[in-house]
Amino acid sequence: MIQNVTSLEMPVDEEFRIVKNHFTNGKGKRICIVTGTHGDELEGQYVCYLIAKMVKENMHLLQGTVDIYPALNPLGIDSMQRGVPAFDLDMNRIFPGNSRGSMIEKVAHDIYTDLSGADMVIDIHASNIFLREMPQVRISEQTAELLVPYAKLMGIDFIWIHQAATVLESTLAHSLNSTGTPCLVAEMGVGGRISHSMCHQLVDGIQNMMFHMGIWQEEPDKSSLKESIVSQGNDAVAFLNATTSGVFITELHNDVTVKKGQTVGQIISPLTGDVLCDVKAPCDGLLFTLRAYPMVYEGSLLGRIHRL
Amino acid sequence: MKVQTIFSMSSPYRDDFRIKAYTFGEGEKTLCIVGSMRGDEIQQQYVASRLVALLKFAEESNRIQPGVSISVIPSVNPFSINIEKRFWALDNTDINRMFPGYNQGETTQRIAAGLFEFIKDFKFGIQLASYYLPGNFLPHVRMIHTGFEDVEDAKYFGFPYIAIRDPEPFDTVLLNYNWQIWETQAFSLYAGTTDTIDHEMARISIDAVCRFMTYKGMASLSMSGSGTQTPTIVEGSQLISIQAPHAGILIVEREAGQEVKQGNVLARIMHPYEGYQVCEIKSPVSGTVFFARNKSITFQNTLLFRIIEEGKDD
Ligand SMILES: [Zn+2]
């Protein structure tokens, strides 16, 4: 059943709407699949489709509630903008919102309120147009104890437990986790694209979690589920930032292991035909993030390596 | 006048990105003024550039006190101004969400770090700031409550209002907040417009900075106005917010700075197709308009006005 989470008037003959698809059958736990906070991240679109299709066609296997929210930032998705158009705001920096605040604050509040109380919220992100990510779940240190077992149920490749900066207290995940609604943030793929196999893998993982939570009465095909690599601690991840501006070229894919000193890519000058910088792995490890968008400035992130 | 490039970086095809600082006087790092940081902050850039001209004259006529050094950074982000984009040229990140910066991090973190390295040791810091919502403010000094802020010093600007509020999570990455954490007395000045020049507000801003420098004994400068002797201190909670009950075309009837009585019409919302008045927005209190939206359309719930309620001054 399609339901409005919130709706507001826009200036000229248009209603702003956040919608969800609400599937419920009998008594049981509630899981929410949420995506589209950043308008340039589309991987979650296919995941939502696959889960909605699976549930709709097999309602007899559902024991509880599945709520699917495919677009928390509908204006951004429909106009290919990461932030909220007309406000130039990052939708994931205004939670938990404010019922009496501006339009976006009210929308954030209504989303937060609608999700609160769920037994699990999975917030699916897809990096941005600049970086490609292997399937991973990101968890802040404070919530690791509670959330890591859930993340492992998803059989996801990589679990990154990170320190949380104060500014990230205004994300949806933090707002929910700090008020008793468990929320896992999945990151995978690249902005503006849909990576089919990753999406199918994540769906299998979510189905497995639903099965273990008692919401779904059928185990998924487990062949795509993995033993998660867990990364924790300040020095566990090495960042590769560009030391010069230019065009970044790489022969690698993310999700490969690299050796210290191995070439990850090159920053080249199309004008002079020179290699401006050989980008080498600073350590042995798993290359779980790799730059997808070639133009780089000094400082642009080129990759991230989990030290092995 | 000493001109320094305090941060530079190559670009794939554009000229080098540069942040320049203009320094006047010699001695202790006393005052730093930061102009535009976003690509639409033309007013802030203009005010900073006029301050450079003024301080150059002051230095040449020996009006800067011995032992005092004053720096102006007219623009932290010329790359965005030059392509008329509000945020960073490539990845659309906001430099004013990157402080204190990180010199091994992403591009805008490095820019913030490069700037902060130069400006963090000053005794006083002034940011010529803009608001994230389109609209006009009464000229005011804004401070974040960190325990290090000094309201008495803020009075020297002679602005009619000083606004203080408690920090929110997003404040921890702003320049003003980080300046204070590094023990610089930081003030953000808000006056008038952003992307077009308002000459009267520019004059008021320049006067305010001159008054501050003069009263704090950094320089002796002439001012064209006397400023407010006893500014009103506004805590965040004292401002009454008025939002749009409906969306539509917005006809604003009251500007920032105007006095209003309870029940006065502040704005009208017109139907965008049929031209009739959808609703009137009346002031729920008597007071002074502190902020007024200056865009002619509105969503439902958009913040249109902030009013300082009469008799709630202290
Ligand atoms: Zn995202």
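Residues numbered from 1 in each chain as written. Chains lettered and ligands numbered in written order. Predicted model: local features only at pLDDT ≥ 70, side-chain atom pairs only at ≥ 80, totals over all residues.

### Focus: the overall build of chain A
Inference 1: For chain A, the count of helices and strands is six helices and 17 strands.
Inference 2: In terms of C-alpha radius of gyration, chain A reaches 20 Å, essentially the compact-globule figure of 19 Å for 308 residues.
Inference 3: Expressed as lengths along the three principal axes of its C-alpha atoms, the size of chain A is roughly 65 × 50 × 35 Å.
Inference 4: Split into buried and exposed, the 308 residues of chain A put 48% on the buried side.
Inference 5: Contacts in chain A between residues far apart in sequence, at least 24 positions, make up 64% of those at least 6 positions apart. (Helix = DSSP H or I, 4+ residues; strand = E, 2+ residues; numbered from the N terminus. Rg over C-alpha atoms; globule rule 2.2 N^0.38 Å. Buried ≥ 20, exposed ≤ 12 C-beta atoms within 10 Å, placed from the backbone. Contact = placed C-beta atoms within 7 Å.)

### Re the packing of helix 1 (residues 42–60) of chain B against helix 6 (residues 199–215) of chain B
All names here are of chain B.
Inference 1: Contact geometry for helix 1 and helix 6: axes closest at 10 Å, N-to-C directions at 50°. The angle between the axes of helix 1 and helix 6 places the two elements in the oblique class. In the packing of helix 1 onto helix 6, the handedness of the crossing is right-handed. Touching Q43, Y46, V47, R50, L51 and L54 of helix 1 are A202, S205, I206 and V209, all from helix 6. (Axes fitted to C-alpha atoms, helices over the stretch in contact; angles between N-to-C directions. Parallel < 35°, antiparallel > 145°, perpendicular 65-115°, else oblique. Left-handed = near helix turned anticlockwise from the far one by under 90°.)

### Here we look at the interface of chain A and chain B
Inference 1: With 28 residues of chain A at the contact, the number on the chain B side is 31 residues.
Inference 2: Residues belonging to the side of chain A that touches chain B are distributed by class as follows: eleven nonpolar, nine polar and eight charged. (Nonpolar A, V, L, I, M, F, W, Y, C, P; charged D, E, K, R; others polar.)

### Here we look at the packing of helix 1 (residues 43–57) of chain A against helix 6 (residues 196–213) of chain A
All names here are of chain A.
Inference 1: Across the interface, helix 1 lies against helix 6 with an axial gap of 9 Å and an inter-helix angle of 50°. The orientation of helix 1 with respect to helix 6, classified from their angle, is oblique. For the pair helix 1 and helix 6, the sense of crossing is right-handed. Of the residues in helix 6, those touching helix 1 at E43, Y46, V47, L50 and I51 are H196, M198, C199, L202, V203 and I206.

### Let's talk about the sheet that holds strand 11 (residues 246–249) of chain A
Residues and elements named next belong to chain A.
Inference 1: Across the sheet, four strands lie side by side as 14-13-11-16; this open sheet has antiparallel pairing. The two strands at the open ends of the sheet, each matched to only one other strand, are strand 14 (274–280) and strand 16 (295–296).
Inference 2: As paired strands, strand 13 (residues 263–269) and strand 14 are joined by six bridges and run antiparallel to one another. Its bridge partner lying in strand 14, S269 is registered against D274. (Pairing = 2+ DSSP bridges.)

### Considering the confidence of the model for chain B
Inference 1: Averaged over chain B, the pLDDT score is 93; the fraction of residues at 70 or greater is 99%.
Inference 2: Quick note on the complex model: pTM equals 0.91, ipTM equals 0.88. (pLDDT = per-residue confidence, 0-100.)

### With respect to the sheet that holds strand 5 (residues 124–128) of chain B
All names here are of chain B.
Inference 1: Taken in spatial order, the nine strands of this open sheet run 1-2-4-3-5-9-7-8-10, and their pairing is mixed. Every interior strand has two partners, whereas the edge strands, strand 1 (2–9) and strand 10 (232–235), have only one. The mean inter-strand angle of the sheet, taken between neighbouring strand axes irrespective of direction, is 25°.
Inference 2: Sheet analysis places strand 2 (residues 17–24) next to strand 4 (residues 67–75), joined by three bridges and oriented antiparallel. The residue of strand 4 that forms the bridge with F24 is I70.
Inference 3: Strands in contact with helix 3 (residues 107–119) are strand 1, strand 2, strand 3 (27–36) and strand 5; relative to strand 1, the strand with the most contacts, it is inclined by about 150°.

### Some thoughts on unusual backbone geometry
Inference 1: Geometrically, the link from A:F95 to A:P96 is a cis peptide bond, its omega value of 10° lying close to zero.
Inference 2: Following B:F99, the chain continues to B:P100 via a peptide bond in cis, the omega torsion being 5°.
Inference 3: Structurally, B:P100 can be placed in the loop between helix 2 (78–82) and helix 3.
Inference 4: A positive phi angle, near 75°, is found at A:A86, a position not held by glycine.
Inference 5: Position of A:A86 among the secondary structure elements: in the loop between helix 2 (74–78) and helix 3 (103–115).
Inference 6: Non-glycine residue B:E183 carries a positive phi angle of around 65°.
Inference 7: For B:E183, the position within the fold is in the loop between helix 5 (175–181) and strand 9 (185–190).
Inference 8: Judged by the 12 C-beta atoms lying within 10 Å of it, B:E183 is exposed.

### Digging into the environment of A:S127
Residue and element names in this part refer to chain A.
Inference 1: Mapped onto the fold, S127 is located in the loop between strand 5 (120–125) and strand 6 (131–140).
Inference 2: Each C-alpha atom of the pair S127 and T244 lies 23 Å from the other, and the pair is 117 residues apart in sequence.
Inference 3: Beyond its immediate chain neighbours, meaning those up to four positions away, S127 contacts E41, R132, E133, E187, G189, V190 and G191.

### Describing the domain arrangement of chain A
Residue and element names in this part refer to chain A.
Inference 1: With domains assigned, chain A is organised as domain 1 (2–232) and domain 2 (237–307).
Inference 2: The centre of domain 1, based on its C-alpha atoms, is set 30 Å off from the matching centre of domain 2.
Inference 3: Counting from both sides, the interface comprises twelve residues of domain 1 and, opposite them, twelve residues of domain 2.
Inference 4: Elements supplying a minimum of two residues to the side of domain 1 that touches domain 2: strand 6 and strand 9 (229–232).
Inference 5: When grouped by side-chain class, the residues that make up the side of domain 1 that touches domain 2 number seven nonpolar, two polar and three charged. (Domains from an automatic or database assignment.)

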